[in-house]
Amino acid sequence: PGRVLAELVTNDRVIGGLTPEAGRRAGLLYASFCEGEIHFTDAQTAEMSKLAENAFRDINIAYANELSLICDSLGVDVWELIELANKHPRVNILQPGPGVGGHCIAVDPWFIVAAVGAQAPLIRTAREVNDAKPAWVVQQVREASRAFTDPVIAVLGLAFKPDIDDLRESPAMAITLDLPRSIPGARVLAVEPDSSAMPERLVGSGVEMADLDAALDQADVVVLLVDHTAFKAVDKTRLAGKPVIDTRGMWR
């Protein structure tokens, strides 16, 4: 939250008014609190700039997510691979995860695809790669659960990114909802340290909310979906003997 508030002041702003006067007035408003530069353009270009920023991030995340699938097939540690590849001064591969969520990156690229269709194959493919990652994670959990009768699965994290309670377009939420349907007889315990209340989407789903200690104590399989700070301090001995699907590489 602190970083977000800081960026509200320090980030540059792109202003596109429907008329030059509207743009000028919007610029004056932002200048009253924004320390970054203010860049004026037309409304369409300003809007496209925002969409392009989020599509850029989505494409880069899709590359990391696709690498994780490839590395799993080849028996390569994707986290080590990315760490080594990033030693190159002009390479900065992002970290893979269980998908992409939130109200911007997971949504904005589709506006570009909807506007131009076949002219955006890369942007569309990135969206498809990231949208498919939750199903792949569910398959990993299903395979890990086969060793148990009526397995107890601890799912750690529901938010779309760490240390917030925002569930919008969260891949962790999609995975959690799918587990009871995909693994008959499974008991799914969800842990969300930033909100202990049962999210409305989970009501009637068969998923139970639990605190971290209770979930780890009962779990046959542990699934880390969000790299919340609260999960980083987990004693690794508590995971001994349990299959662990760490989609964030936090417990390497």
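Note: the structure precedes this text.
Keep in mind the model is a prediction, meaning the values are calculated, not measured. Position numbers for residues count from 1 along each chain, tracking the sequence in the order it is written. In keeping with the predicted nature of the model, local features appear solely for residues at pLDDT of at least 70, side-chain atom pairs appear and are counted solely at 80 or more, and the whole-chain, interface and lining totals rest on all residues. Each side-chain value is worked out from all heavy atoms of the structure, with water and hydrogens disregarded.

Caption draft 1: Quick look at the nonpolar core. Nonpolar core, defined: a set of buried Ala, Val, Leu, Ile, Met, Phe, Trp, Tyr and Cys residues in which side-chain atoms within 4.5 Å join the residues together. Using a 1.4 Å probe on the protein chains alone, a residue whose accessible area is under 20% of its type maximum counts as buried, one over 50% counts as exposed, and one in between counts as partly exposed. Counting residues in each nonpolar core, the largest one holds 23 residues, and the members touching the most others are Val141, Ile153, Leu179, Val223 and Leu225. Excluding residues within four positions of it along the chain, Val141 makes contact with Ile153, Leu179, Ile183, Val223 and Ile245. Among the nonpolar cores identified, the runner-up in size contains 16 residues, and Val152, Leu224, Phe231 and Val234 belong to it. Contact between two residues is taken to exist if any of their heavy atoms lie within 4.5 Å; hydrogens are not considered.

Caption draft 2: Seen up close, the sheet that holds strand S3 (residues 152–156). Following DSSP output, two strands are said to pair if at least two bridges run between them. Starting at the N terminus, helices and strands are each numbered in turn, a helix being any DSSP run of H or I of at least four residues and a strand any DSSP run of E of at least two. Spatial ordering of the open sheet is given by S5-S4-S3-S6-S7, a layout of 5 strands whose pairing is parallel. Single-partner strands in this sheet number two, and they are strand S5 (207–209) and strand S7 (244–246). Taken over all neighbouring pairs, the strand axes of this sheet differ in orientation by 20 degrees on average, direction set aside. Under this scheme, a helix contributes an axis fitted over its contacting stretch, all axes are lines through C-alpha atoms, and angles between N-to-C directions fall in the 0 to 180 degree range. Along the sheet, helix H7 (residues 171–182) makes contact with S3, strand S4 (187–191) and S5, crossing S4 at roughly 170 degrees.

Caption draft 3: Seen up close, the side chain of Asn130. Position of Asn130 among the secondary structure elements: in helix H6 (residues 121–145). In terms of polar contacts, Asn130 uses its side chain to reach the side chain of Asn65, at 2.8 Å. Here a polar contact means two N or O atoms within 3.5 Å. Within protein one must be a hydrogen donor candidate and the other an acceptor candidate, and residues neighboring in sequence count only if both atoms are side-chain atoms.

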